[in-house]
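Breakdown of the fold
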Amino acid sequence: MISACLEMIGLCLSVVGTLLVMVACGLPMWKVSAFIEGNILVAQTIWDGLWMSCVVQSTGQMQCKMHDSVLALTTDLQTARALTIISAVLGVLALMITIAGAQCTNCISKVSIRAKVVHVGGVTYIIAGLFVLVPLCWMANNIISEFYDPHVPYSQKREIGAALYIGWAASAMLLFGGAILCFSRPQEEKSSYPPKYVPPPTKSTSINGDYDKRNYV
């Protein structure tokens, strides 16, 4: 019962984490324009994402443009695209693996094999969490480095956007959910055969037909 509850908790955390990875991948708010010093009176906000860049006017109007060329993107954006997509695919794959071995399903009859399948799903979720964590930390490091770089103009400085925070939350859920699945192994399947009956030792008799004195303790 406890192992089944742990499986459900780990699976729910991992599924929510996978959905948040997909949301973070599609949001354009990975980099947001910083309002500092001379840039504070600018009437527009610039969002830079993995797939598009958007300009939001102070009136509420927003214009977005898809990135024209993949090769024109920076290395961190290209890496973030690839690893985020791989993380989302691994999350979906881990979901199918975990459901196949979960205790609430009958896809696999043997308990020991089902436990190993759930462990494989948990490890896959952990790998997915690491895959999405790498580009997030890399992107955040570049944003912070450029923000404090005096050679970068104020108009080109960026801050950490909401998509990075969503991605970090998704990574934490995937890591914790995968770890819970790895430690939710059910009890080993007990043997269905009854214990073998061992007859008690018979009392030996002496030569004259009486019981041996060693039998009387």
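Analysis parameters
Residues numbered from 1 in each chain as written. Predicted model: local features only at pLDDT ≥ 70, side-chain atom pairs only at ≥ 80, totals over all residues. Heavy atoms only, no water. Axes fitted to C-alpha atoms, helices over the stretch in contact; angles between N-to-C directions. Helix = DSSP H or I, 4+ residues; strand = E, 2+ residues; numbered from the N terminus. Parallel < 35°, antiparallel > 145°, perpendicular 65-115°, else oblique. Left-handed = near helix turned anticlockwise from the far one by under 90°. Nonpolar A, V, L, I, M, F, W, Y, C, P; charged D, E, K, R; others polar. Phe/Tyr/Trp six-rings, centres within 6.5 Å; stacked < 30°, edge-to-face > 60°. Buried < 20%, exposed > 50% of the residue type's maximum accessible area, 1.4 Å probe, protein only. Disulfide = S-S within 2.5 Å. Pairing = 2+ DSSP bridges. UniProt positions renumbered as here; feature names shortened; annotations may be inferred. Salt bridge = Lys/Arg side-chain N within 4 Å of Asp/Glu carboxyl O.

1. Remarks on the packing of helix H2 (residues 75–101) against helix H3 (residues 111–147)
In contact at an axis separation of 8 Å, H2 and H3 are set at 165 degrees when each is read in the N-to-C sense. In terms of axis orientation, H2 runs roughly antiparallel to H3. By crossing handedness, the relation of H2 to H3 is classed as left-handed. Across the contact of H2 with H3, the residue classes tally to 21 nonpolar, ten polar and two charged.

2. A closer look at the environment of alanine 172
Within the element layout of this structure, alanine 172 appears in helix H4 (residues 162–182). The sequence separation of alanine 172 and isoleucine 126 amounts to 46 residues, and the corresponding C-alpha distance is 9.4 Å.

3. Things to note about the packing of aromatic side chains
Scanning the model with the defined rule gives two aromatic pairs in all. Taking 5.2 Å as the distance between ring centres and 85 degrees as the angle between the ring planes, the aromatic pair formed by phenylalanine 147 and tyrosine 148 counts as edge-to-face. For phenylalanine 147, a relative accessible area of 23% translates into the label partly exposed. Relative to tryptophan 168, the ring of tyrosine 165 lies with its centre 5.7 Å away and its plane at 75 degrees, an arrangement referred to as edge-to-face. Note that tyrosine 165 and tryptophan 168 are positioned in helix H4 at a spacing of three residues, about one turn of the helix.

4. Regarding the state of the cysteines
Applying the stated criterion across every chain, the model contains one disulfide. With its sulfur 2.0 Å from that of its partner, cysteine 54 forms a disulfide with cysteine 64. What sets the handedness of the cysteine 54 and cysteine 64 disulfide is the S-S torsion sign, and at about 110 degrees it is right-handed. Here cysteine 54, found in strand E3 (residues 52–57), pairs with cysteine 64, found in strand E4 (residues 62–66); they are ten residues apart in sequence, far enough to count as distant.

5. Digging into the side chain of threonine 18
Counting through the fold element by element, threonine 18 comes out in helix H1 (residues 2–26). Residue threonine 18 is classed as buried on the basis of its relative accessible area of 7%.

6. Remarks on the sheet that holds strand E1 (residues 31–33)
Taken in spatial order, the five strands of this open sheet run E4-E3-E2-E1-E5, and their pairing is antiparallel. Two strands in the sheet have a free side with no partner beyond their single neighbour: E4 and strand E5 (158–160). Between one strand axis and the next, the sheet turns through 25 degrees on average, direction left out of account. Bridge count for E1 against E5 is three bridges, and the pairing is antiparallel. Bridge pairing links lysine 31 to isoleucine 160 in E5.

7. Side note on the UniProt feature "transmembrane region" (unreviewed entry) in the protein chain
Sites flagged by UniProt as "transmembrane region" (unreviewed entry) map to residues 9–30, 82–102, 123–144 and 164–183. A distance of 29 Å separates the end C-alpha atoms of residues 9–30, which is 82% helix and 0% strand.

8. Overview of the pattern of salt bridges
Oppositely charged side chains can pair when the atoms bearing their charge come close. As enumerated under the stated definition, the model contains three salt bridges in all. The salt bridge involving arginine 158 is made with aspartate 48; its shortest N-O contact spans 3.2 Å. One end of the pair, arginine 158, is in strand E5; the other, aspartate 48, is in strand E2 (residues 44–48), and 110 residues separate them in sequence. Across the pair lysine 65 and aspartate 68 runs a salt bridge whose closest N-O atoms are separated by 3.5 Å. Like lysine 65, the residue aspartate 68 is exposed in the burial classification.

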